[in-house]
Amino acid sequence: MRQPIRLSDYTPPSHLIERVDLTFRLDPTATRVTSKIRFRPNPARPGADLRLDGEDLKLISATIDGAKVEVAPDATGLTLPAAHLPDGPFDWQAEVEIDPQANTALEGLYISKGMYCTQCEAEGFRRITYYPDRPDVMAPFKVRIESDLPVLLSNGNPAGQGAGWAEWDDPHPKPAYLFALVAGDLVATRDRFTTASGRDVDLAIWVRKGDEDKTGYAMDALKRSMAWDERRYGREYDLDQFNVVAVDDFNMGAMENKGLNIFNSRYVLASPEIATDEDYASIERIIAHEYFHNWTGNRITCRDWFQLSLKEGLTVYRDQQFMAEARGGAVQRINEALTLRARQFREDGGPLAHPVRPSEYVEINNFYTATVYEKGAEVIRMLATLVGEEGYAKALDLYFDRHDGQACTIEDWLKVFEEATGRDLSQFKRWYEQAGTPRVRVSEEWQDGRFRLRLSQTVPPTPGQPKKAPMAIPVALGLIGANGQEVAPTQVVELTEDEITLDFEGLGTRPVPSLLRGFSAPVVLVHAPEPGALAHLLAHDTDPFARWEAGRRLALQAAEAMILEEAPADPAWLAALAPVVRDESLDPAFRALMLRLPDDETLAAHLADRGTTPDPDAIHAARRAMRRAVAGRFDADLRGLVNALAPVVPYSPDAASAGRRALRMTALGLVAQTDRGEMAEVVFKAADNMTEQLAALACLIDAGRGETALAAFHDRWQQERLVIDKWFALQTGHAQPARAVTVAEGLSAHPDFDWTNPNRFRALFGGLVGNHAGFHRSDGSGYDLLADWLIRLDARNPQFAARMSTAFEAWRRYDSARQARARAALERIGRHARLSRDMGEMVERMLE
Ligand code: B3K
Ligand code: ZN
C-alpha cells in the first residue's frame, strides 16, 4: 500500500493565492480550462518550491508573468522550482484539457445525464486544473463558463451573462474543494429570503425538466434553515444568490460548495406520491446541513483533512439541533442514538476504528465516516453539556469572531471554549485522539437508606492504540423511587477518573437509577439492573430517552434469551409493552419507536458485545418469533391502531402527521405477522402516499405474497427513478434470507439495474447487506456476490466502491466458517489487478 499521509508531517503552504480566474470552454470530451492564478510566496516558507497538484490533465500551455515556461508534469502534478520563481507575487497561467465524459469516478468535472457538474471535496479540484489543492490555501475566485447550454452556474454572485457564456464572482476566499460548476438544460424553482440585516437573497433550486414540481419541500427547508441560523447562531447568508442543484449521479448525499450546493437528487426531490416521511426528514436535515456549512466549513474551514470533524462534527451537531426544534427533541435524540449505535459503534468496534481526528490516512475519502461525522457531533454535544448553554454560546461567538476567513484546527476550536469558559479541556481532547467506544460499568448498592452508585470506565484497544487513558465522560442520571416518583432530578456527573462513587442519602426505599439520560455520552453502559427495574423505568422515567432505552434493553434481554436458550418471549417484556400499545397520551412517533424491535444487525452486535458469536439464522428466527409474540398478544389493539390512524387527507409531511403514520405502519407490520398480510393488502391498495404504500408492500413481501404488488408497483412507478430505487432496495432487503442472494443476482440482471448510478447500486446491494441473515449466508454466497460487484465498481468509481466495502467491516464477529469466507472475499478484492488506492486501503485495514 502507499505511504500514509500523517498529521505530524503538516507544513504550511509554500505560496498563498491572491486571486483565481478560471475560464471553462465546455466540451463533453475536450473541455479547455484556463487558469490565471496570482501567487505570493508565503513568508512562513521562504525559498520553497511550488508544487501544484494535477491528475488526468493534459497540459496545453503554461506561463509565468506572461513568459512561456517548460514544465514536466508527473502523475500527480508538477513542481515549479523556487529558483525559477519571482521573489514577489506572480501570475501563473495554464491551459489544460480534460475529458468530463470519461470521468466515471464522479470526482472533478463530470457529466450526469447530459449535465455538467463537479465534486471537488476532498481532492477533486486537481482533476480540473493544476492547483495547490489543499484546504489551507484560500482565494477569491472569478469564473467564466462558455457553452451552448442554457444554464451555466458557479460559486458566488452572477457577474454577467450573454449568448453562450456566463461569469461568476465569489468574493469570499475559499479553498478549492468548495469550487463548483454546473451547466445544463435545467429549470429553477425560485424564492427569496431577506436576511436580518436586510440583504435580499435570490434562492433557486435547479432540476431537470419534469422535476420542478418536487422542489417545494426543499425550498421550505432552506428558508427555515436560513432563519434558524440567524436566530440560533447569529449567522447570516453572505451572497446575493443561493443555488441548489439536484444531480442524479452523485457519490454522497450533497456538497456545500460556496453559494452553489450540489445535491444527490434523492435529497431534494419530494412529493407525497414518491417520497416517504423518512425521505422528507432526510431532505430537511441535509438541506439544513449543507446550508449551515456556509459558516461552519466554508467561512471557517479546515487547515488540513485531519481536521475534517472541525466542520463535519460541528455541522452535524447544528443540523441535529435544528431537527430537534423542527421535529421534537426526544424522538430526534432516539433516532440519533439508533444511527450512532448502528453505524459508529460498529465502526469503532472493528478493524476500521479511528479517532474523530485521525492521525494518518492513505485516501482521505475513506475518512468521511460515522466517527468523523456522528461521533464528532456527539463530542460537541458533550462539550456543550459540560460548559452549559451560555458557555457554548460564548465560545461559538468567539470562534466566529476570531476565525472567520481562516483554515483552522481542532486546537483552535477547543481553545475558544477554554478561553470563553475558563475550563481546561486537555483531558476532554482525548475524545478527538482516542478511538474506541468507552465502556461505563455501573454497580449499585443499597444499605440503610443510602444508595451508592459506582461508575468505572475502560476504553477498548483499537488498531494502533492498544492502551487508552481515561476519558472525560458526562453521565446524566437521576433516580426514580419505588412509587414511580422521581426522587433525584437529572444531574450531570463527570467521570474523569477510572472510577467514581456517588452516594444518595435519606431515601426511604431503594430507588431505580435512570442512567445516561438523553444519551449524554457516546458510550456503552454495562449494568445489570435489578429485576423489575427496566419495566419500572419504562413505566415511570421522566426522561423520554431513558424510558425508550429501558424498553430497548428489555427487548434485547428477551431476544438474547430466545436466541441463546430458545426461551419463549419474556412475558414481563410483553406486559411492559402494554402501555406503549395503549397509552393514547404518548406521542405517536415515540410509541412507534418503542414498538420497533431491535433489528438483526443490532442483535448480532449485542451478542458479540456480550462475548457470544452471533448466528444470523438464529437471530432472524428469534426476531420473527418476537414480532409474532407481540402481534399475538396485542392483536386487537394493533388492528385498532391501524384503523384509528387512517390517513388524514390531504397528506402533510409535518412531524405530527409523520408520527401518526409511523405508528400506524409499525402496527401494520406487526399485524402482518399473524394475518399473513391481509390488512397490508388493503392498505397497499388504498395508499395515496409513498410512506404507506412502501410500508404495506414490505409487509406483503415479508408475508410471502409480494409478487403481484411488486409488479404493480413497478408498473406504476417505472418513470420515477427514485421510486424504482426503493423497488430494488425493498426486494433485496426483505427477501427470505435463504433466497436473498438469488433475488439480488436476479435483480442485478434486470434492465432497470444501472450499476453505474450510485443510488441504484446502493439500493440493490445496500438492501442485500441490510438483510443480515441473507447477506451472511453460511455458504459465503452473499460475500462472493458483493465482492464480484465491488471489483467491477472499483474500476469505475473507487470512492463509492470503497464506501460500499464497509459491508465487510464486522466480519470478525461471526463464526470461523463465515470468517474464512469473508476473508477469502476480501482477499480476492485485494488481489485484483486494478485495485484503487481507496479500495486498497479499505481491504488492507479490514484484513489487518
Ligand atoms: N462535505 C461533503 C462530503 C464530501 C465527501 C467527499 N468524499 C458533504 C457534507 O458533509 O456536507
Ligand atoms: Zn457536512
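Here the residue index of a chain counts from 1 through its sequence in written order. Going through the entries in the order they are written, you letter the chains from A and number the ligands from 1. Two thresholds apply to this predicted model, a pLDDT of at least 70 for residue-level local features and 80 or more for giving and counting side-chain atom pairs, whereas whole-chain, interface and lining totals are computed over all residues. Side-chain metrics in this entry use all non-hydrogen atoms of the structure; hydrogen atoms and water are not considered.

**Here we look at the overall build of the chain**
The way it works is that DSSP assigns letters per residue, a run of H or I at least four long becomes a helix, a run of E at least two long becomes a strand, and they are numbered from the N terminus. Secondary structure assignment for the chain yields 26 helices and 30 strands. This radius of gyration counts C-alpha atoms alone. The globule rule is 2.2 Å times how many residues there are, raised to the power 0.38. Taken over C-alpha atoms, the radius of gyration comes to 28 Å for the chain, in line with the 29 Å a tight globule of 848 residues would show. Expressed as a percentage of the 848 residues in the chain, the buried residues total 59%. Within the chain, counting contacts between residues at least 6 apart in sequence, those at least 24 apart form 70% of the total. For the accessible areas, the method is Shrake-Rupley and the probe is 1.4 Å, while residue cover comes only from the protein chains on display. In the form shown here, the chain has an accessible surface area of approximately 32,000 Å², with 48% of it arising from carbon and sulfur atoms. Each charge class in the chain was averaged separately, 99 positive and 124 negative side chains, and the resulting centres sit 2 Å apart. Relative accessibility thresholds used throughout: buried, under 20% of the residue-type maximum; exposed, over 50%; partly exposed, between the two (1.4 Å probe, protein chains only). Contacts are assigned to residue pairs with any non-hydrogen atoms lying within 4.5 Å of each other. Two residue types count as positive, namely Lys and Arg, and two as negative, namely Asp and Glu; His and chain ends fall outside the count. Here the site of a charge means NZ on Lys, CZ on Arg, CG on Asp, or CD on Glu.

**Here we look at the domain arrangement of the chain**
Split into domains, the chain comes out as domain 1 (5-265), domain 2 (301-433) and domain 3 (718-848). Where each domain begins and ends follows an automated or database-derived domain assignment. Each of domain 2 and domain 3 has a C-alpha centre, and these two points are 30 Å apart. Between domain 2 and domain 3, the residue contacts involve 13 residues of the former and 15 residues of the latter. Buried area: the accessible surface (1.4 Å probe) lost by two parts on joining, summed over both. Where domain 2 abuts domain 3, roughly 1,400 Å² becomes buried across the two surfaces, and 44% of that area is made up of carbon and sulfur atoms. By definition here, a salt bridge exists when the distance from a side-chain nitrogen of Lys or Arg to a carboxyl oxygen of Asp or Glu is within 4 Å. For the pair domain 2 and domain 3, the interface holds two salt bridges. We call two N or O atoms a polar contact when they sit within 3.5 Å, provided that within protein one can donate a hydrogen and the other can accept it, with sequence-adjacent residues counted only if both atoms are side-chain atoms. There are ten residue pairs in polar contact (both at pLDDT 80 or more) connecting domain 2 and domain 3. Three residue categories are used. Nonpolar comprises Ala, Val, Leu, Ile, Met, Phe, Trp, Tyr, Cys and Pro, charged comprises Asp, Glu, Lys and Arg, and polar comprises the others, including Gly. The residue makeup of the side of domain 2 that touches domain 3, split by class, is six nonpolar, four polar and three charged.

**Some details on the coordination of the zinc ion (ligand 2)**
With water omitted from the atoms examined, metal sites may look incomplete; donors here are N, O and S atoms no farther than 2.8 Å from the metal, or 3.2 Å in the case of Na, K and Ca. Around the zinc ion (ligand 2), the donor atoms from the protein are His289 (NE2), His293 (NE2) and Glu312 (OE), and they sit 1.9 to 2.0 Å away. Within one chain, the residues donating to the zinc ion (ligand 2) are spaced in sequence as H-x3-H-x18-E. Taken together, the positions of histidine 293 in the loop between α2 (277-292) and β21 (301-302) and glutamate 312 in helix α3 (residues 308-327) put the pair 19 residues apart, joining distant regions of the chain. This pair shows no difference in class: histidine 293 is buried, exactly as glutamate 312 is.

**Looking at the environment of tyrosine 783**
Following the sequence through the fold, tyrosine 783 ends up in helix α23 (residues 781-794). Judged by its relative accessible area of 1%, tyrosine 783 is buried. Residues tyrosine 783 and aspartate 570, 213 residues apart in the sequence, show an inter-C-alpha distance of 34 Å. If near-sequence neighbours (up to four positions away) are discounted, tyrosine 783 is found in contact with Phe775, His776, Phe808, Arg818, Arg821, Ala822 and Ala825.

**Observations regarding the site of ligand 1**
The full set close to ligand 1 counts 14 residues, and Glu121, Glu256, Glu290, Asn365 and Tyr373 are the nearest of them. Glutamate 312 is positioned with one of its side-chain polar atoms (N or O) 2.9 Å from an oxygen atom of ligand 1. Taking glutamine 799, its side chain carries an N or O atom lying 3.0 Å from a nitrogen atom of ligand 1. Here ligand 1, which alone exposes 340 Å², has 95% of that area covered by the protein. Residues are labelled near a given molecule or strand when at least one of their non-hydrogen atoms is within 4 Å of it.

**With respect to the sheet that holds strand β12 (residues 151-154)**
DSSP-based pairing: two strands are paired if at least 2 bridges between them are found. Pairing is antiparallel in the open sheet, where four strands are placed in the order β9-β10-β15-β12. Strands at the two margins of the open sheet, each flanked by one partner only, are β9 (108-112) and β12. Mean inter-strand twist for the sheet, computed between neighbouring axes without regard to direction, equals 20 degrees. Where β12 and strand β15 (residues 181-184) come together, four bridges link them in antiparallel fashion. When the bridges of β15 are listed, leucine 153 appears paired with valine 182. To obtain each axis, a line is fitted to C-alpha atoms, and for helices this fit is confined to the stretch in contact; angles are then taken between N-to-C directions over 0 to 180 degrees.

**A closer look at unusual backbone geometry**
Residue alanine 122 is bonded to the preceding glutamate 121 through a cis peptide linkage, with omega at 0 degrees. Structurally, alanine 122 is set in the loop between β10 (115-119) and β11 (139-146). Of note, the amide linkage connecting valine 649 to proline 650 takes the cis form, showing an omega dihedral of -5 degrees. With respect to the secondary-structure elements, proline 650 resides in the loop between α14 (635-644) and α15 (655-675). Positive phi, normally seen in glycine, also occurs at leucine 106, with a value near 60 degrees. Mapped onto the elements of the fold, leucine 106 is located in the loop between β8 (90-98) and β9. Judged by its relative accessible area of 6%, leucine 106 falls in the buried class. Its identity as a non-glycine residue notwithstanding, lysine 113 has a phi of 45 degrees, on the positive side. For lysine 113, the position within the fold is in the loop between β9 and β10.

**Observations regarding the pattern of salt bridges**
Taken as a whole and judged by the stated rule, the model has 83 salt bridges. With its nearest N and O atoms 2.5 Å apart, the salt bridge here joins arginine 705 to glutamate 681. One end of the pair, arginine 705, is in the loop between α17 (690-702) and α18 (707-717); the other, glutamate 681, is in helix α16 (residues 678-686), and 24 residues separate them in sequence. Among the charged side chains, a network of salt bridges with common partners joins Lys113, Arg208, Asp211, Lys214, Asp248, Glu720 and Arg721.

**Some details on α15**
Any helix carries an expected span of 1.5 Å times its number of residues minus one. Here α15 spans 30 Å end to end across 21 residues, near enough to the 30 Å set by a 1.5 Å rise per residue. Across the 21 residues that make up α15, a large majority, 16, are buried. At the N-terminal boundary of α15, the capping side chain belongs to aspartate 654, with an oxygen 3.1 Å from the backbone nitrogen of alanine 656. One or two steps after α15, the chain reaches arginine 676, where phi turns positive at roughly 55 degrees.

**A closer look at the nonpolar core**
Buried Ala, Val, Leu, Ile, Met, Phe, Trp, Tyr and Cys residues that are joined via side-chain atoms within 4.5 Å together make up what is termed a nonpolar core. Ranked by internal contacts, the top residues of the largest apolar core, which has 215 residues, are Tyr392, Trp413, Phe417, Phe428, Trp573, Phe765 and Phe808. For this core, the element with the most residues is helix α5 (residues 370-403), which contributes 13 residues. Each residue touching tryptophan 573, except ones within four places of it in the same chain, is listed here: Gly551, Leu554, Ala555, Ala558, Leu597, Met626 and Val630. Among the nonpolar cores identified, the runner-up in size contains 69 residues, and Val96, Ala122, Ile128 and Ala180 belong to it.

**Considering the packing of helix α4 (residues 329-348) against α5**
Running from amino to carboxyl end, α4 crosses α5 at an angle of 125 degrees, the nearest separation of the two axes being 9 Å. Relative to α5, the element α4 is oriented oblique. Seen along the crossing, α4 lies across α5 with a hand that is left-handed. Residues Arg333, Glu336, Leu340, Arg343, Gln344, Glu347 and Asp348 of α4 pack against Ala370, Thr371, Glu374, Lys375, Glu378 and Arg381 of α5. Residue classes in the contact of α4 with α5 are distributed as two nonpolar, two polar and nine charged. With respect to orientation, any angle under 35 degrees is reported as roughly parallel, any angle over 145 as roughly antiparallel, any angle of 65 to 115 as roughly perpendicular, and every other angle as oblique. Two helices that cross are described as forming a left-handed crossing if the nearer one is turned anticlockwise from the farther one by less than a right angle, and a right-handed crossing if clockwise.

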